[in-house]
Amino acid sequence: MDIFCIKAVSLGDLEKVLISHDGAGPGSGWLLDKIVIKHKEGEEAQEVVFPCNRWLDEYQDDGKTERELTANKDGSLMKTFLKGNSCFPTIVFCTIVFSV
């Protein structure tokens, strides 16, 4: 699993994300499990999950290197998780889970 932390401003309630790569270089494709975006304001944090479980590879799956993902609708778009100190000093961060 790879985790990428990106400091950014709040974008409000997210419903979709678009992820892609340029396919440059040999073996550039990857299998994306999901994207998790977490937003922390004060002591309360929220997360939204964008499931994928597909390849971004021109030689695997359907050959696409771009995916538009929709937020998981398991009762609510955003859910509050544990309150308290976070080990991430960022305002917004996302977890992109993939394997090669």
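- The chain has the name LOXH1 protein in an unreviewed UniProt entry, where Copsychus sechellarum is given as its organism.

**Quick look at the overall build of the chain**
Next up, step 1: Broken down by element type, the chain carries 0 helices and 7 strands.
Next up, step 2: The order of helices and strands in the chain, counted from the N terminus, is β-β-β-β-β-β-β.
Next up, step 3: Taking all 100 residues of the chain together, 32% fall into the buried category.
Next up, step 4: Relative to all contacts within the chain whose residues are 6 or more apart in sequence, the contacts with residues 24 or more apart total 67%.
Next up, step 5: Carbon together with sulfur atoms contributes 51% to the accessible area of the chain, which is approximately 6600 Å² in total.

**What to know about the nonpolar core**
Next up, step 1: One finds Val17, Ile19, Leu32, Ile35, Ile37, Phe50 and Leu69 to be the most contacted residues of the largest nonpolar core, which totals 13 residues.
Next up, step 2: Sorting the residues of this core by element identifies strand S2 (16–20), strand S3 (30–41) and strand S4 (44–56) as the ones contributing at least two each.
Next up, step 3: When sequence neighbours within four positions are dropped, the list of residues in contact with Phe50 reads Leu14, Glu15, Lys16, Val17, Lys34, Ile35, Ile37, Leu69, Thr70 and Ala71.

**Quick look at unusual backbone geometry**
Next up, step 1: Positive phi, close to 55°, is recorded for Asn53, a residue that is not glycine.
Next up, step 2: Within the secondary structure, Asn53 sits in strand S4.
Next up, step 3: A positive phi angle is found at Asp61, which is not glycine, with a value near 55°.
Next up, step 4: Positionally, Asp61 belongs in the loop between S4 and strand S5 (66–70).
Next up, step 5: Residue classification places Asp61 among the partly exposed residues on the basis of a relative accessible area of 47%.

**Regarding the pairing of S3**
Next up, step 1: Examined bridge by bridge, S3 and S4 share 11 bridges and lie antiparallel to one another. Bridge pairing in S4 places Ile35 opposite Phe50.
Next up, step 2: Linking S3 back to S4 in an antiparallel pair, the connection comprises 2 residues, with Gly42 at a positive phi of about 65°.

About the criteria used
Residues numbered from 1 in each chain as written. Predicted model: local features only at pLDDT ≥ 70, side-chain atom pairs only at ≥ 80, totals over all residues. Heavy atoms only, no water. Helix = DSSP H or I, 4+ residues; strand = E, 2+ residues; numbered from the N terminus. Buried < 20%, exposed > 50% of the residue type's maximum accessible area, 1.4 Å probe, protein only. Contact = heavy atoms within 4.5 Å. Areas by Shrake-Rupley, 256 points an atom, 1.4 Å probe, with all protein chains shown as cover. Core = buried A, V, L, I, M, F, W, Y, C linked by side-chain atoms within 4.5 Å. Pairing = 2+ DSSP bridges.

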